[in-house]
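For reference, the chains in residue letters:
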Amino acid sequence: MFRRIQPGAIAVCILLLLAAAHFAPVAGQVSEPEIRAHARVFPDVGAGLIGIKRDAAGRYYIAASPATKVLILSADGKSVGEIPGTAAKEPVPPDPKRNPKIVFAADFDVDSSGHVLVADRGANNVKIFAADGSLAGVIPIPAPTSVAALSGSELAVTSLRYHWLMGIYGYGGTLVRAIGDPGDFAHGAGAQHSTDLGRVSSDAAGNLYYVFLFLPEPTVRRFDRFGFAGSEIALEEFAAAARHHELFSDSDDNPRPARTQISALAVDSATQEIWIAIGNELRRFDKNGLPIGSYRTLSPTGAPLSAKAILVEPDRLLLGTEAWGIFDFVKPEKGSANPSAH
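Owing to the predicted nature of the structure, the values given are computational and were not obtained by experimental measurement.

Rules and cut-offs
- Residues numbered from 1 in each chain as written.
- Predicted model: local features only at pLDDT ≥ 70, side-chain atom pairs only at ≥ 80, totals over all residues.
- Heavy atoms only, no water.
- Helix = DSSP H or I, 4+ residues; strand = E, 2+ residues; numbered from the N terminus.
- Buried < 20%, exposed > 50% of the residue type's maximum accessible area, 1.4 Å probe, protein only.
- Contact = heavy atoms within 4.5 Å.
- Areas by Shrake-Rupley, 256 points an atom, 1.4 Å probe, with all protein chains shown as cover.
- Pairing = 2+ DSSP bridges.
- Axes fitted to C-alpha atoms, helices over the stretch in contact; angles between N-to-C directions.
- Core = buried A, V, L, I, M, F, W, Y, C linked by side-chain atoms within 4.5 Å.
- Salt bridge = Lys/Arg side-chain N within 4 Å of Asp/Glu carboxyl O.

Asks: Outline the overall build of the chain, supporting the account with residue identities and numerical values.
Replies: Along the backbone of the chain there are three helices and 25 strands. Across the 342 residues that make up the chain, the buried fraction comes to 49%. For the chain, the share of sequence-separated contacts (at least 6 apart) that also reach a separation of at least 24 residues comes to 44%. Surface exposure of the chain reaches about 17000 Å², of which carbon and sulfur atoms provide 55%.

This is the structure in C-alpha cells:
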C-alpha cells in the first residue's frame, strides 16, 4: 500500500525543487578563462564607437559618435586623414548623389582597394568614398543598418525596410541580387522585428556572415557571396540562461533582462576563424563554426569589458567598447587563456 502524501508536503517539495533549480548552474554561466587588456589604444577615440577596420597598408579606420566622419590613423595611431575628405567642407551640391557629407554612419567597411563604404542611415544611402576621401558614388537605400565590402566592386547591405536579409549591389548602384527570405531563417523572430533582423559582415574570401538579432538564441549564419547558406553558429546556452533568469525574476515590478544578443563579430583574414562577442564573453570558432576557445574579457584594471567591435590582427585583438574606447589584447592560444596583465 502506498501512503497518501499530504498536500502540504507536496507544496514543500515543489518549493525545494524550485529553489534548487534557481541556485543550480545554468548553461552559459560556467567559468571561462579571463583575458585582460594590455592597454587602451587610440586615446582620442572615446564613447559611442561605431566600428574599427584596417586596410591592406596597415592604416586604421574608426567611426564614433557623432558618427559624421571616419577617422584614418596610421599604424602608430597618428591621424593621417578622414572620410569625407576636404571636399566635404566646400558648399553642399544640390544633387544628393554628389553630397559627400555623412549624416549618421550606422556602419562602414573598407574594401581591398581602399574604398570606404558608409551606411549613412541619416541620409538613406550608402556612400562610397575613394581612398583619397573623395565621394565616388551614392546608392539610395532606405535606412541602411550595416554594410560589408565584397570583391568585384560589390557590397552587401542590410536595411530597416528590406523584406529580405540583405541586398548585394554593384558600386554603380544596381541591385545585383537579394539574399535570404526571412521566413526561411528567422523562425524565432516576431512580426514586429521582420524589418530589422540583423547585421552583415564579410571576410577576405567573399563569405558573408549574418548576425540575427531576434532569434531565440544568438545566431550567426554564413553565406557565400551568391547567397547560398553554409554553416550556422547558434549559441543555445545563452537562450537557456535568459529563460532561467526570466523564470526567477524577483517581481513583476523589476524589468526582465533584454534578450542576449551578439554585440560584435569579426573574422580573421588569415585563418577565417570567427570571433563573436556577447557582453564580456568572447567566443572563438574555426572556419567551419566549431568552437576552439571561450574567454571573459577584462579591462586593464580588471573590470568586465564588453566589446562593440572586434578587429583581429596577426598577434593581437583590438576590442572597441561603447563607452571606454578601444583596447588591445594579446591573441590567446587556441582554447587557452591569457590571464595576466602585461
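Asks: Run through the sheet that holds strand β24 (residues 316–320), naming residues and quoting values.
Replies: Spatially, β2-β25-β24-β23 is the arrangement adopted by the four strands of the open sheet, whose pairing is antiparallel. If you trace the sheet from one side to the other, it starts and ends with β2 (39–41) and β23 (309–312), each paired once. Pairs of neighbouring strands in the sheet enclose a mean axial angle of 30°, with direction left out of account. Alignment of β24 against strand β25 (residues 326–330), held across five bridges, turns out to be antiparallel. Note on β25: the bridge partner recorded for Leu317 is Phe329.

Asks: Describe the environment of Val126, with residues and values.
Replies: With respect to the helices and strands, the residue Val126 is situated in strand β9 (residues 125–129). For the pair Val126 and Val157, spaced 31 residues apart in sequence, the C-alpha separation works out to 8.4 Å. Dropping the residues within four chain positions of it, Val126 is found in contact with Val118, Ala119, Gly137, Val138, Ile139, Ile141, Pro144, Val147, Leu155 and Val157.

Asks: Give me the nonpolar core: which residues, what numbers.
Replies: Among the nonpolar cores identified, the biggest contains 16 residues, and Trp275, Leu282, Ile310 and Phe329 are the most heavily contacted of them. For this core, the secondary-structure elements that each account for two or more residues are β19 (264–267), β20 (274–278), β23, β24 and β25. The contacts of Leu282, once residues within four sequence positions are left out, are Ile35, Trp275, Ile276, Ala277, Gly293, Ser294, Tyr295, Thr297, Ile310 and Leu317.

Asks: Explain the sheet that holds strand β8 (residues 116–120) to me, and be specific about the residues and the numbers.
Replies: Strand order across the open sheet formed by four strands is β7-β8-β9-β10, with antiparallel pairing between neighbours. One side of each edge strand has no neighbouring strand; the edge strands of this open sheet are β7 (105–110) and β10 (135–140). When the angles between neighbouring strand axes are averaged without regard to direction, this sheet yields 15°. Relative to β10, β9 is paired through five bridges, and the arrangement is antiparallel. Each residue of the ladder has a partner; that of Phe129, found in β10, is Leu135.

Asks: Lay out the pattern of salt bridges with the relevant residues and their values.
Replies: Any two side chains of opposite charge can pair, given that their charged atoms come close. Per the counting criterion, the structure on display carries 15 salt bridges. Across the pair Glu281 and Arg283 runs a salt bridge, and its minimum N-O distance is 2.5 Å. The residues Glu281 and Arg283 share a single accessibility class, namely buried. With a closest N to O distance of 3.1 Å, Glu322 and Lys308 form a salt bridge. Of this pair, Glu322 sits in the loop between β24 and β25 while Lys308 sits in the loop between β22 (291–298) and β23, and the two are 14 residues apart along the sequence. Members of the salt-bridge network, linked through shared partners, are Arg54, Glu313, Arg316 and Asp328.

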